[in-house]
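Structure at a glance
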Amino acid sequence: DWLQGPYLYKLYQHYRFLEGQIAILYVCGFASNVLFGLVSSSLVDRLGRKKSCVLFSLTYSVCCLVKLSRDYLVLAAGRVLGGLSTALLFSAFEAWYVHEHVERYDFPSEWIAVTFSRAAFWNNVIAVGAGGAADFFAEGLGLGPVAPFMVSIPLLVLSGVFAVQNWDENYGKKRAFSKTCGDGLKCLLSDRRVLLLGTIQALFESVIYIFIFLWTPVLDPHGAPLGIVFSAFMAASTLGSSLYRLAVSKRYHLQPVHLLSLAVLLVFFSLFMLAFSTSPGQERPAESFLAFLLIELSCGLYFPAMGFLRRKVVPEKERLGVMNWFRLPLNLLACLGLLVLHDSDRQTGTRSMFGGCAAVALLA
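On a predicted model such as this, the values are computed, not experimentally measured, just so you know.

**A few points about the UniProt feature "transmembrane region" (unreviewed entry) in the protein chain**
Taking the numbering used here, the UniProt-annotated feature "transmembrane region" (unreviewed entry) corresponds to residues 20–40, 80–99, 146–164, 194–215, 227–247, 259–277 and 289–309. With 100% helix and 0% strand, residues 227–247 has end C-alpha atoms that lie 30 Å from one another.

**A short note on the packing of aromatic side chains**
Between two aromatic rings, the relevant description is the distance of the centres plus the angle of the planes. Tallied over the entire structure, the rule returns 25 aromatic pairs. Geometrically, the ring pair formed by phenylalanine 56 and phenylalanine 93 is edge-to-face, given 5.5 Å between the ring centres and 90° between the ring planes. Here phenylalanine 56 is found in helix 3 (residues 49–66), whereas its partner phenylalanine 93 is found in helix 5 (residues 92–104), with 37 residues between them in sequence. With relative accessibility at 5%, the residue phenylalanine 56 sits in the buried group.

**Comments concerning the packing of helix 6 (residues 110–140) against helix 10 (residues 226–248)**
Two numbers describe how helix 6 lies on helix 10: the axes approach to 7 Å, and their chain directions differ by 165°. By the angle class used here, helix 6 and helix 10 are roughly antiparallel. Handedness of the crossing formed by helix 6 with helix 10: left-handed. Across the interface between the two elements, Phe121, Asn124, Ala127, Val128, Gly131, Gly132 and Asp135 of helix 6 pack against Leu226, Gly227, Ile228, Phe230, Ser231, Met234, Ala235, Ser237, Thr238, Ser241 and Arg245 of helix 10. When its residues are assigned to classes, the contact of helix 6 with helix 10 shows eight nonpolar, eight polar and two charged.

**Quick notes on the pattern of salt bridges**
Following the criterion strictly, the structure yields nine salt bridges and no others. Taking the shortest distance from any N to any O, the salt bridge between arginine 104 and glutamate 100 comes out at 2.8 Å. Remark: glutamate 100 and arginine 104 occur in helix 5; sequence separation between them is four residues, near one turn of the helix. Given the relative accessible area of 39%, arginine 104 is considered partly exposed. Judged by relative accessible area, which is 5%, glutamate 100 ranks as buried. Its salt-bridge partner being aspartate 168, residue arginine 104 comes within 4.0 Å of it at the nearest N-O pair. Remark: aspartate 168 occurs in the loop between helix 7 (147–166) and helix 8 (177–190) and arginine 104 occurs in helix 5; sequence separation between them is 64 residues. Residue aspartate 168 is classed as partly exposed on the basis of its relative accessible area of 40%. Here the salt bridges do not stand alone but share partners, grouping Glu100, Arg104 and Asp168 into one network.

**A word on the environment of lysine 317**
Among the structural elements, lysine 317 can be located in the loop between helix 12 (285–313) and helix 13 (319–343). A relative accessible area of 60% places lysine 317 in the exposed class. Along the sequence, lysine 317 and threonine 180 sit 137 residues apart, while their C-alpha atoms lie 8.9 Å from each other.

Each value, and the rule that gives it
- Each residue is numbered by its place in its chain's sequence as written, counting from 1.
- This being a predicted model, a pLDDT of at least 70 is required before a residue's local features are given, and a value of 80 or more before pairs of side-chain atoms are given or counted; all residues contribute to the totals for chains, interfaces and linings.
- Hydrogens and water are ignored here; the side-chain numbers use all heavy atoms of the structure.
- UniProt positions are given in the numbering used here, feature names are shortened, and annotations may be inferred rather than shown by experiment.
- Strands here are runs of E lasting at least two residues and helices are runs of H or I lasting at least four, both read from the DSSP assignment and numbered beginning at the N terminus.
- Paired rings are identified among Phe, Tyr and Trp, the last through its six-membered ring, by centres lying within 6.5 Å, and are further divided according to the angle between planes into stacked (under 30 degrees), edge-to-face (over 60) and tilted (the rest).
- Relative accessibility under 20% of the residue-type maximum defines a buried residue, over 50% an exposed one, and the middle range a partly exposed one, all with a 1.4 Å probe and only protein chains included.
- Note on method: axes are straight lines fitted to C-alpha atoms, helices fitted across the in-contact stretch only, with angles between N-to-C directions ranging 0 to 180 degrees.
- Under this scheme an angle from 65 to 115 degrees is roughly perpendicular, one under 35 degrees roughly parallel, and one over 145 degrees roughly antiparallel; angles in between are oblique.
- Left-handed describes a crossing whose near helix is turned anticlockwise from the far helix by less than a right angle; the clockwise case is right-handed.
- Contacts are assigned to residue pairs with any non-hydrogen atoms lying within 4.5 Å of each other.
- Classification convention: Asp, Glu, Lys, Arg as charged; Ala, Val, Leu, Ile, Met, Phe, Trp, Tyr, Cys, Pro as nonpolar; all other residues, Gly among them, as polar.
- Definition used for salt bridges: Asp or Glu carboxyl oxygen within 4 Å of a side-chain nitrogen of Lys or Arg.

In structure tokens:
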């Protein structure tokens, strides 16, 4: 997954698509992620978690293969498959592991947090390395922006084979999708804290989605090595999560809610900077890069803080339903932003987009 991060936008550009057309491709990905995200948990529980993990490796491999085509509709279909794969990636593996840990092996549930924290650390380390590897295949060997997608395929196949050979199947409790969503909505509307948390999440993460789209067209014209830039982003994010762990430790005793506020403020400040550093004719790429690094650092602080507060505020049995309602505005905002960008002039469009995102972050 990380190998593909730096070169998605560049690949579409390489195929001579306009920024507006690329925006629509991103919207296809987000929209399918929303739709599949809503049903993925019930789908995974019914199909079986191991089968879902194997299905993920298949759909994501096909999604990478599709990148060889220059046909716009084929690429759009690939983005829809990518949305399904992402939804499976974020539900199936975690569900499989938690069930094995608690039900099959009866390990203490306090250990789950330790596993996730270690997995997150190594995930970040791999992400930093993947940026460099993507750069090596695309630029170093001169294989072009499609290379990192092809390199991903054997890794995806390997993870599927690994699951088939070593894992046992497990299933979740079957709950009606409408009941899950109904309970979630009731919980959201009855508790002001849940509603506020959901609003902050929707605002903050939709800004992050738009940042993911915009960083390449801002830095690429100035000859920035995309893979290395991506590695720097991931390193900044890792630093953020290390700072979070340090801040909540016994030594400093900071509250996650304060760190959440700090993360949102930092993002606002960065976007405010970007609204000036991307003004047409007076671009300052070094300042833009610094602002992007600050956004990534904020993400490192934000995600563990938000995860902690969600666990504290949202009751366990309603969590899935509530998350579905959180997801909806989040992706709608991001899609709306990209569609607005699609209609605007390239130069002023980027700048006004950052201005709009700064306002959204301020609201958060």
